[in-house]
Structures are given as structure tokens and as C-alpha cells.
Amino acid sequence: MVRRFTTRAGSQDGETASAGVGVLSSSAPGSGAADGAPPDAGTRDGEAEPGAPQKNRSEGDAVPQGETVIAGIASADTVHVETGEAEMRRAAFEDGGRRAVVDIGSNSVRLVIYEGPARAPIPICNEKALCGLGRDKTEDGGLNPGACDYALATLRRYRSLVDAYGAPRVFAIATSAVRDARNGPAFMAAVAALGFDAQTLSGGEEAALAAQGVISVEPHADGLAGDMGGGSLELVSLDAGRIGDHVSMALGPLNLMRLSGGDLGRARRLIDAELDKTDLLRRGGRPALYTVGGAWRAVARIHMRLRSYPLSVLHRYEMTARAAIEICNLIAHQSRRSLEDIPGIPRRRIDTLPYASLVLKAVLERMNAERVIVSSGGVREGILYRELSPAQMARDPLLEACRFFASRLAPHAAYGEACFPVIDGLFAPADNAGDDVSDDQGDDPVRRLRRAACLLIDTGAYFHPDLRGGHAFETALSAPFVAVSHEERVWLALALYRRYQGRSAPMPNEAAISLLPWELQQSATQCGLAMRFVASYAPKVAVPLAGCRLRLEEDGRLVFRAPADRRGLMGDTPRKRLEALAASFEAEPAEIYDE
């Protein structure tokens, strides 16, 4: 038997909804206060019914008069949700754990300690010292003794930090300054004495790792990856995520400064002569240059500041090739004093910026790229990526990161996974909408974003109700997510904000929202309102969502369909939110409960 009724402004056709909140049996995970919600969760956020009892009950307690018991949903559904919870925990912790990379570069010596899922490692410790091993080499081509002492003192500190972090697995590498130096082997012996089993990379190995790092954060990268280090430049061809030919050239700014004697005109001639030797830049059809390395990131940051760009995230920041060439020309003609006035640029990098800009300009002019895309992935990320199995590599790094954040910030990590099938049919009205539990969202990038938003649905749960919307918005804007453009990042932020604050709340950051076209603002709002309804119907507990679906019908109704034993969960607040959701689609809300 199927019971149907339509709601308008809180009224019902011939049916009376229970005024009490549905209570799951004690065998269902997350029942009562055990779901981890703060005592006031929902009092302002609206995730619990007004007047809902706060007292915890044991299995043998009597049910207070007027309160509805929802029975029959704690068996197979519970097993499914518990399995999902275990899978979320496994993905977030067992695959990764802490691991560290020590990167001994020509300009900087870095230690980065990562945590989180293997496919989306998150830096939790990021230390850098500008030791300048590639600066001021001795006349016979040796590393400068003062720079060596500074680097070894830095590495001694890093050894102590790694031990303090529980001695995770360490990958240590050295690049062009060490491999080209006469006393490079002696320096590496001193590094080994500190407990670091470091590898000196060849130019080809450095190029391959840089490309793998770009692919790790941008799986479908297409164009060229360019890794600008202090001593060398690596260029690698990328074809929709596949690595092609590569070349390594001694065009790092430290080398150029030394070889040109500080003469920018001579440096340009050296750059031209070296780039003319490779045909990677003459093949055409390269839509984008993915830039790696601190010097080229500094160029992008200057462009950001000149534009008063509303986001501070460098990953996936884009410039047109023309704009990038213009900013390179500007930097190359600035005095050191002028560059020092730009906030956020390390002083020890300022003298190398004009040379890095000259190289970037020359590369762009030759490859005829359409745009420049800043990549947060490079050699260090490539080292971790190459350790993955093919199955791990195939995972979506954005969704893996969202699962990790949910496992840390939400009461139930699997709640978002249970939410997605409920709302999916609103936007993908095929018969199988919501049934695909894999991460493969086909060719629909917005569906992928909806899944990511659902995974993050409860990441504001432990914050004050008045602050949850703003916290969720800022989390999406600033979290170290990869494989996501700035436009997509804003979409996620807006969807999560609407999930907590509703449709009428003012925009939290109009400058950032302006990056999103109106139609995408609308779809983000609709996704947020759908999550808002789900979060009030079954607050912070996944079991009751099994078998529930939202669907936009051709007759102009937005239908919420659920098994009959879930009807008691519908109350004033979820019904009002269903009406608000329907209004965003210019539809009439309806409920169907299947016997």
C-alpha cells in the first residue's frame, strides 16, 4: 500500500503527522545522545524537533506518551551503515598514516610530514629553511661550506622533529645543487650520518617525480608540467593525466644568477639558447602550463595581490598566458626595494624572482599555452604518489580528503555517504540515481561536487550553532583540497553554508561568491537546501536514511519518498525545510510513504 499526501504551508491532506521526534531502538548506532551531537545541536541549527525529549532511555524504558517509536529499520540497514562507517575509517586512517619527505633543494631544505588518506595526504608539519646550497659555489664547483653547515644544522633539527612525530617513514632526496657539485657525495655522506637515507635524483628522475606530483593533485592534467627549482628547470609533457617526454635544463634562477653575473640581458640569452634545444615547446597543442616550485608560486602570488583576488589558495590559481607574461615583465623590471614591499614574498627569494620570471615568460612564449595553472603537487607529492597501488591511484583525491575531514569533524563519518543517495535523484533523475555508490561520477562534475558536499554535511557539528555556517564555508574555502578549481571550491563552500544557514541568510563573502556564475550559485543553494532537509529529518544518524529518496517529478512536485516506518521522523522543522527546498525548484512539496 502506498500513502500519498501533499503538504502546503505546513497543512496536510487527510493525514496527521506525529509531533514527537522518532526514536530509534538502542541497537541502531547513533540513537539518542550517542550520535555525538552537542546538547544544543539543532536548537538553532534546526536539526532536532522543537520540544524533542533530551533524556536518554535504555532499551527497557517505557515510551513517553505522544512519542513515536520507529521500528524495523535497525537490522540490515544498521549493518550497512556500520560497514560504511568502518570503510570511512579505513580510508581515512589505515591507508595512510604519517609519512615524511625531506627535500634538499638548491635554494631550500624542507621537511613535510603528511597525515591522512594515502590518496590525499595532508601536510601537518611544513618546515623550510632557505639554505642556498646552489648559491655561491666554490671556484672548483663545490657546495659553499657555509651553506652546507646551514643545511646540515637544519637537517639535524629535522631529524629531531621526525623522531618527535613518532619516527614515520621518511623519504629523503637531493636535487640539482647536490648532483652537480664536486663535493656532493661528501655532503650526502654527512646527511646519511644524521640518519637520513637520502637519494640524489638525476634530472630525469626529478622531472618524472614532479609530473607525478602534478597528476596526484590534478589527475587529468593536460599540457606541460614545469618545475622551477633553484638550480634546474624540469619540463614534462602531460596528456590527460599520462606522462610523456621530459627534459631537465640548468635554468634555475641560482644558476642563471651565477652564469650571467647578475646581468638580466645575458640571462635572457642563456635562457633562449637552452630552450631552443628542446622540441617539447615547439609541438603546439599545449593548453596549459602547470607550474611547480616556490619561485613560480611567488609570481602567481604577486598577480593575486595586484588583482585583489578574494581567495588566498594558490593551488589551481589560474592566469591567462598573456597575463602571466605581463606580470613576468613587471617583476623583471622592478627594483629589489619594490619587490620587498610586496607582502608574502620571502626576502631571500626576492633576488631570484626576476630570473624565474624571465624563464616563465620564455617558456610560455614558445609553447603557446592558453593559461597557467599553479599546482600544489611537485616532487614531494610525486614521491608519495609513486608508492600507491593502481587501485589507490584511481581514487578521487577530493572525495578521499572530504572523507578524512568528515572522520575528524563530524559525529558520524558515514552520515554524508548516506545523505548522497537521498538527494541525488533531484539532480540526476535517471532511474538509477542514488544507487551508484562508487566514486565514479561519470562526466558530471557538479554531481561530484554534490557528493563532496554531502561528505562534509556535518563538519560544523561541534561548533556553536551560530558559527556553523561560517565555519563550514571557510573550511571549504581554505582546506587543503586538491583536484578542485577555485570555482568548484566556492561552489562547495556555498552549498555547505546554505545547508546550515538556509536560503535567506546573507552571503558570507560576496567577493568569493562572485567567482561563481549565477546558475552555479543556484545549484549550490539547491544542494545546500537538500542537505538541510536531510539533516533535520534524520539528524546525525544514517540508519533512517536507507531507502529514502528526493525526486523532482514531471507534474511539478518535489517528492520525498520513504518507507512507511520512517513517517514518524517527519515533523514541523523537516517539513518546513522540504517546503523551502521545493520552492527553490519552483515546485510543490509532497511526501510518499511506501507500506
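Residues numbered from 1 in each chain as written. Predicted model: local features only at pLDDT ≥ 70, side-chain atom pairs only at ≥ 80, totals over all residues. Heavy atoms only, no water.

1. A word on the overall build of the chain
Counting its regular elements, the chain contains 22 helices and 15 strands. In the chain, the proportion of contacts linking residues at least 24 apart, taken out of those at least 6 apart, comes to 73%. Counting every atom, the chain has about 24200 Å² of accessible surface; 50% of that belongs to carbon and sulfur. (Helix = DSSP H or I, 4+ residues; strand = E, 2+ residues; numbered from the N terminus. Contact = heavy atoms within 4.5 Å. Areas by Shrake-Rupley, 256 points an atom, 1.4 Å probe, with all protein chains shown as cover.)

2. A few points about the confidence of the model for the chain
Chain-level statistics for the chain give a pLDDT mean of 84 and a share of 81% at 70 or above. Confidence drops under pLDDT 50 across residues 1–72; counting only partners more than four residues distant or on other chains, this segment forms 150 contacts. In this model, residues 89–94 is a region of pLDDT below 50 whose contacts with residues beyond four sequence positions or in other chains number 14 contacts. (pLDDT = per-residue confidence, 0-100.)

3. What about the packing of aromatic side chains?
Counting across every chain of the model gives eight aromatic pairs. Ring plane angle 85° and centroid distance 6.3 Å describe the contact between Phe404 and Phe405, whose orientation is recorded as edge-to-face. The pair formed by Phe404 and Phe405 is uniform in burial state, with each residue classed as buried. Pairing Phe427 with Phe585 gives two aromatic rings, centres 5.8 Å apart and planes at 55°, and the pair type is tilted. Here Phe427, found in helix α16 (residues 415–427), pairs with Phe585, found in the loop between α22 (572–584) and β15 (588–594); they are 158 residues apart in sequence, far enough to count as distant. (Phe/Tyr/Trp six-rings, centres within 6.5 Å; stacked < 30°, edge-to-face > 60°. Buried < 20%, exposed > 50% of the residue type's maximum accessible area, 1.4 Å probe, protein only.)

4. Considerations on unusual backbone geometry
Despite not being glycine, Asp136 has its phi angle at roughly 50°, a positive value. By the secondary structure assignment, Asp136 is in the loop between β4 (122–129) and α2 (145–164). By relative accessible area, which is 61% here, Asp136 ends up exposed. We note that Glu586 has phi near 55°; this positive angle belongs to a residue other than glycine. As for its placement among the helices and strands, Glu586 is situated in the loop between α22 and β15.

5. Focus: the nonpolar core
In this structure, Leu233, Ile423, Met531, Tyr537, Leu550 and Phe560 are the most contacted members of the largest nonpolar core, which totals 117 residues. Per-element tally for this core: the top contributor is helix α12 (residues 353–367), with 10 residues. Not counting residues up to four positions away in its chain, the partners in contact with Phe560 are Phe533, Tyr537, Cys548, Arg549, Leu550, Met570, Leu578, Ala590, Glu591, Ile592 and Tyr593. Judged by nonpolar contacts, the second largest core, of 28 residues, contains Ala100, Cys131, Ala177 and Val178. (Core = buried A, V, L, I, M, F, W, Y, C linked by side-chain atoms within 4.5 Å.)

6. Structural notes on the sheet that holds strand β5 (residues 169–174)
One key point about sheets: their strands pair by backbone hydrogen bonds, in either a parallel or an antiparallel sense. The mixed open sheet is built from five strands, whose spatial order is β4-β3-β2-β5-β6. On the outer flanks of this sheet lie β4 and β6 (198–200), each paired with one strand and no other. Here the strands of the sheet are splayed against their neighbours by 15° on average, with no regard to which way each runs. Across six bridges, the pairing between strand β2 (residues 99–104) and β5 is parallel. Considered in β5, the bridge of Ala100 is made with Val170. (Pairing = 2+ DSSP bridges. Axes fitted to C-alpha atoms, helices over the stretch in contact; angles between N-to-C directions.)

7. Points about empty space enclosed by the protein
The rolling of a water-molecule-sized probe over the atoms marks out the regions of remaining empty space. Evaluated as defined, the whole model comprises one cavity of 30 Å³ or more. In this structure, the largest cavity occupies an estimated 40 Å³ of space. As for the largest cavity, its lining consists of Ser106, Gly134, Lys137, Ser176, Ala177, Asp180, Gly231, Leu254 and Asn255. Residue assignment for the lining of the largest cavity shows that the elements contributing at least two residues are α3 (176–180) and α6 (253–260). Sort the elements by how many residues they give to the lining of the largest cavity and α3 lands first, with three residues. Split into classes, the residues belonging to the lining of the largest cavity amount to two nonpolar, five polar and two charged. (1 Å grid on protein atoms, 1.4 Å probe; cavity = no way out; pocket = protein on both sides within 12 Å on 5 of 7 lines; lining within 4 Å. Points joined across faces, edges and corners; volume = space filled by probe spheres on them. Nonpolar A, V, L, I, M, F, W, Y, C, P; charged D, E, K, R; others polar.)

8. Considerations on a nonpolar patch on the surface
On the surface, a nonpolar cluster with roughly 300 Å² of combined accessible area is contributed by Tyr462, Phe463 and Leu467. For Tyr462, a relative accessible area of 46% puts it in the partly exposed group. (Patch = residues over 30% accessible without salt bridge, like charges linked within 9 Å, V, L, I, M, F, W, Y side chains within 5 Å. Salt bridge = Lys/Arg side-chain N within 4 Å of Asp/Glu carboxyl O.)

9. Focus: the environment of Glu365
Along the polypeptide, Glu365 turns up in helix α12. Separated by 40 residues in the primary sequence, Glu365 and Ile325 place their C-alpha atoms 8.2 Å from one another.

10. Focus: the sheet that holds strand β8 (residues 233–239)
Pairing is mixed across the open sheet formed by six strands, whose spatial order is β9-β8-β7-β10-β12-β11. This sheet does not close on itself; its edge strands, each paired only once, are β9 (242–249) and β11 (318–320). Each adjacent strand pair in this sheet contributes to an overall mean axis angle of 20°, direction not counted. Two strands pair when backbone bridges link them, and β8 and β9 are joined in this way by six bridges, in the antiparallel orientation. Its bridge partner being in β9, Leu238 is matched across the sheet by Ile243.

11. Re the pairing of strand β14 (residues 557–563)
Taken residue by residue, a regular strand's side chains alternate between the two faces of the sheet. For β14, a buried count of five out of seven residues is recorded, marking the element as mostly surrounded by other parts of the structure. A loop of four residues connects strand β13 (residues 549–552) with β14, the two strands running antiparallel in sequence, and Gly556 in this loop sits at a positive phi of about 85°. Relative to β15, β14 runs parallel, the two sharing seven bridges. Among the inter-strand pairings, Arg557 is bridged to a residue of β15, identified as Glu588.

12. Considering the pattern of salt bridges
This structure, assessed with the given rule, holds 32 salt bridges. In this structure, Arg316 and Glu218 form a salt bridge, with 2.8 Å as the shortest nitrogen-oxygen distance. Of this pair, Arg316 sits in the loop between α8 (294–307) and β11 while Glu218 is found in the loop between α5 (203–217) and β7 (223–228), placing the two residues 98 residues apart along the sequence. Here the two residues Arg316 and Glu218 agree in accessibility, since each one is buried. Arg322 is the partner of Glu326 in a salt bridge, and the nearest nitrogen-oxygen pair spans 3.6 Å. One end of the pair, Glu326, and the other, Arg322, are both in helix α9 (residues 321–332), four residues apart, so they sit about a helical turn from each other. Beyond isolated ion pairs, a larger network of salt bridges with shared partners links Glu218, Arg316, Glu318, Glu370 and Arg371.

13. Description of the packing of helix α17 (residues 445–455) against helix α19 (residues 486–501)
It is the contact of α17 with α19, at a shortest axis distance of 10 Å, that shows an interaxial angle of 45°. One element, α17, and the other, α19, form an angle in the oblique class. For the pair α17 and α19, the crossing hand works out as right-handed. From α17, Pro445, Val446, Arg448, Leu449, Arg450, Ala452 and Ala453 reach across to α19, where they touch Glu488, Trp491, Leu492, Ala495 and Leu496. Each residue belonging to the contact of α17 with α19 can be placed in one class, and the counts come to nine nonpolar, no polar and three charged. (Parallel < 35°, antiparallel > 145°, perpendicular 65-115°, else oblique. Left-handed = near helix turned anticlockwise from the far one by under 90°.)

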